[in-house]
Amino acid sequence: MGALMTLDLPADSPLLGLPWIITFGPLGDLDEWEPVVCGPYERPHALALAEAVVAEEQLMAVVEPLLPALSADEIRSEIAAAQVAAEDEARQVEGADLYGDFEDVIDEELDAAADEAGHGEPAEPPDEAEVRAGFTRIAALLTAK
């Protein structure tokens, strides 16, 4: 079984409505090959497809939103925001107590509770017709921007 990583977003996040991509890569350092990027998909389709693949393979899948930028300035703005967020996170790590952060403990407790509750069976991956219908909706979304 592989690993699936994605953003944990609130239900009202505008990112949920964007197209999403999946990047598949090696799970460990022993394998070395170029990652495979698939998509764009609607988020539920991307998650279900990634789950189906990593359930049977020792792979890492990263499911993330595809930001449809229309200019170099928009791209620069997104890069700057990501850099600021990384700097903020680094400051938080540096300022963290030697024995950990209260938020870290809460996250671990929530993860443990989720594990106890069980995640059930992985979602059934969408069939080809569902994926194609998603492509149509994504095309409409991208051309409306």
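Residues numbered from 1 in each chain as written. Predicted model: local features only at pLDDT ≥ 70, side-chain atom pairs only at ≥ 80, totals over all residues. Heavy atoms only, no water.

What follows deals with the layout of surface pockets. What the largest pocket holds in volume is close to 310 Å³. Along the walls of the largest pocket sit Leu67, Ala69, Ile75, Glu78, Ile79, Ala81, Ala82, Ala85, Ala86 and Glu89, which together make up its complete lining. (1 Å grid on protein atoms, 1.4 Å probe; cavity = no way out; pocket = protein on both sides within 12 Å on 5 of 7 lines; lining within 4 Å. Points joined across faces, edges and corners; volume = space filled by probe spheres on them.)

Turning our attention to the side chain of Arg43. Tracing the backbone through its elements, the reader meets Arg43 in helix H1 (residues 43-54). Among buried Asp, Glu, Lys and Arg side chains, Arg43 stands out as unpaired, with Asp8 the closest opposite charge at 6.4 Å. Not counting the four nearest positions on each side in its chain, Arg43 is found in contact with Thr6, Leu7, Leu16 and Trp20. (Helix = DSSP H or I, 4+ residues; strand = E, 2+ residues; numbered from the N terminus. Buried < 20%, exposed > 50% of the residue type's maximum accessible area, 1.4 Å probe, protein only. Lys, Arg positive; Asp, Glu negative; His and termini not counted. Salt bridge = Lys/Arg side-chain N within 4 Å of Asp/Glu carboxyl O. Contact = heavy atoms within 4.5 Å.)

Here we come to the packing of aromatic side chains. Enumeration over the complete set of coordinates arrives at one aromatic pair. Between the NZ or CZ atom of Arg43 and the centre of the ring of Trp20, over which it lies, the distance is 4.8 Å. (Phe/Tyr/Trp six-rings, centres within 6.5 Å; stacked < 30°, edge-to-face > 60°. Lys NZ or Arg CZ within 6 Å of the ring centre and 35° of its normal.)

Here we come to the sheet that holds strand E2 (residues 20-26). With mixed pairing, the four strands of this open sheet are ordered in space as E1-E4-E2-E3. The open sheet is flanked by strand E1 (3-6) and strand E3 (36-41), the only strands paired with a single partner. Mean inter-strand twist for the sheet, computed between neighbouring axes without regard to direction, equals 20°. As paired elements, E2 and strand E4 (residues 59-65) share seven bridges and run antiparallel to each other. Residue pairing for E4: Pro26 is matched across the bridge by Leu59. (Pairing = 2+ DSSP bridges. Axes fitted to C-alpha atoms, helices over the stretch in contact; angles between N-to-C directions.)

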